[in-house]
Amino acid sequence: MNIPLTRPSPPRLSTAGAELRAIEQRGIFSNFGPVNTEFEAAIVEQLFNGVGHCTTVCNATLGLILAIRQAIAHQQTGQKRYALMPSFTFAAAAQAALWNGLTPLFVDIDPITWAADPEEEARLLRQHGQDIAVILPYATFGYAIDLAHYEALSQKHGIPVVLDAAASLGTLTAAGTGFGTGSAIPIIFSIHATKAFATGEGGIVYSTDKSLIQSLKTMANFGFGRPRNATMLGLNAKMTEVGALTGLLRLKSFAKIADRRQTLMDLYRAALPELTFQPRAAFRQSHQFASALLPPGTDRATIQARLVAEGIGSGSYFSPHLAEQDFFAETCPPASLPVTHDIASRIISLPLHDKMKNTEILEVARALRACITDKGCLAEIRYAAE
Ligand SMILES: *Cc1c(COP(=O)(O)O)cnc(C)c1O
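Everything in this summary refers to the structure shown in the same document. (Residues numbered from 1 in each chain as written. Predicted model: local features only at pLDDT ≥ 70, side-chain atom pairs only at ≥ 80, totals over all residues. Heavy atoms only, no water.)

### Notes on the pattern of salt bridges
In the structure shown here, the tally under the stated rule is 11 salt bridges. Linking Asp 354 and Arg 250 is a salt bridge whose minimum nitrogen-to-oxygen distance equals 3.5 Å. Placement of the pair is Asp 354 in the loop between strand E11 (347–350) and helix H12 (358–372) and Arg 250 in helix H8 (residues 241–271), with a sequence separation of 104 residues. Exposure remark for Asp 354: the relative accessible area of 13% places this residue in the buried category. Ionic pairing is found between Arg 261 and Asp 354, a salt bridge with its closest N-O pair at 2.5 Å. Of this pair, Arg 261 sits in helix H8 while Asp 354 sits in the loop between E11 and H12, placing them 93 residues apart in sequence. (Salt bridge = Lys/Arg side-chain N within 4 Å of Asp/Glu carboxyl O. Helix = DSSP H or I, 4+ residues; strand = E, 2+ residues; numbered from the N terminus. Buried < 20%, exposed > 50% of the residue type's maximum accessible area, 1.4 Å probe, protein only.)

### Topic: the site of the ligand
Taken together, Asn 59, Ala 60, Thr 61, Thr 89, Phe 90, Ala 92, Tyr 138, Asp 164, Ala 166, Ser 190, Lys 195 and Gly 202 make up the full set of residues adjacent to the ligand. Ala 60 places a main-chain nitrogen or oxygen 2.9 Å from an oxygen atom of the ligand. Ser 190 has a polar side-chain atom sitting 2.7 Å from an oxygen atom of the ligand. Protein contact buries 92% of the 380 Å² of open area that the ligand shows by itself. Taking a 2 Å distance to the grid points as the criterion, the majority of the atoms of the ligand fall inside the largest pocket. Of the residues assigned to the shell around the ligand, the class counts are 5 nonpolar, 5 polar and 2 charged. (Near = heavy atom within 4 Å. Polar contact = N/O pair within 3.5 Å; in protein donor to acceptor, adjacent residues only side chain to side chain. Areas by Shrake-Rupley, 256 points an atom, 1.4 Å probe, with all protein chains shown as cover. 1 Å grid on protein atoms, 1.4 Å probe; cavity = no way out; pocket = protein on both sides within 12 Å on 5 of 7 lines; lining within 4 Å. Sits in = over half its atoms within 2 Å of the grid points. Nonpolar A, V, L, I, M, F, W, Y, C, P; charged D, E, K, R; others polar.)

Okay, here's the thing in structure tokens:
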């Protein structure tokens, strides 16, 4: 068997000769060119019901850095400055905060959704409210977290919110619209090759706030508010025309791809009753890979090694979680994260590809179940207790 964790299949540029020649003939290769403009309009039209605005960025991490910067631009500096975020997320969020001179303050997660626990957020806001510069939630693995909660939290405390929804492009809410539709909170999506909306490198920042999106565009272009005249802090985060073309091509088949990935995820749910999954979305959750919790007491490293021996790749996103990673352990204050520790210790990421066959899912499930029921895969402590 050869079933890797991910098998990126972005649109095939080798079959897009005419579109590539058109870019060459135009002679515009970047700087928010016509293909980029078309891509941004198509994203809003097709994924957000025509509501709101977006800008492309060359990757989601730079999108996070710019959106955080924009959110805190008018705040007083000098105090202790925290970015409130879950530890159960990808390094990019903490790095983006640190690049903005902020210190990540880790909040524990909910045991069911694996996203930031609202009660723990409230506790940390009571304790550190004055020192929190930005709230940085994560829509965990594409799960449609409650955006109204964050809009209310932002209002109540007067603290801006920036949402890392890197893996969420394609998630639909109960209204059947794309996750984030109608939200003024800047939402950052990734279109990296390994995400469900696969291109190569790229990101989208969405918001209903037109001036916010315009200001991010300016920041992403050296802060040039006027021609060759920097009017604000900036850097270069522009998407190339070829990148935008790849995105436009992906849009054509994306609804089918996202549906297929959800179907594959449902197969895992049915075939692996021993595992714990996030609650199933009523409509659609975008899935980058299949995330699930192993039963308590199983030894993940042994299970993963056995899967490798059968030619099956897997991962453990996000273990180590941020507070456990060397650099963040050095730079961030210690936090109480019992649920994060439990979830991270049991999480396993299983293969999911656009073109994966049902039988491949069943093969992965069979191999995994064989491990789980084998005493050799139980952790020492559990084994001794029996
Ligand atoms: C993939 C990912 C990112 C980074 O996206 P890039 O486009 O690769 O910069 C950030 N946060 C989370 C949660 C991710 O999964």
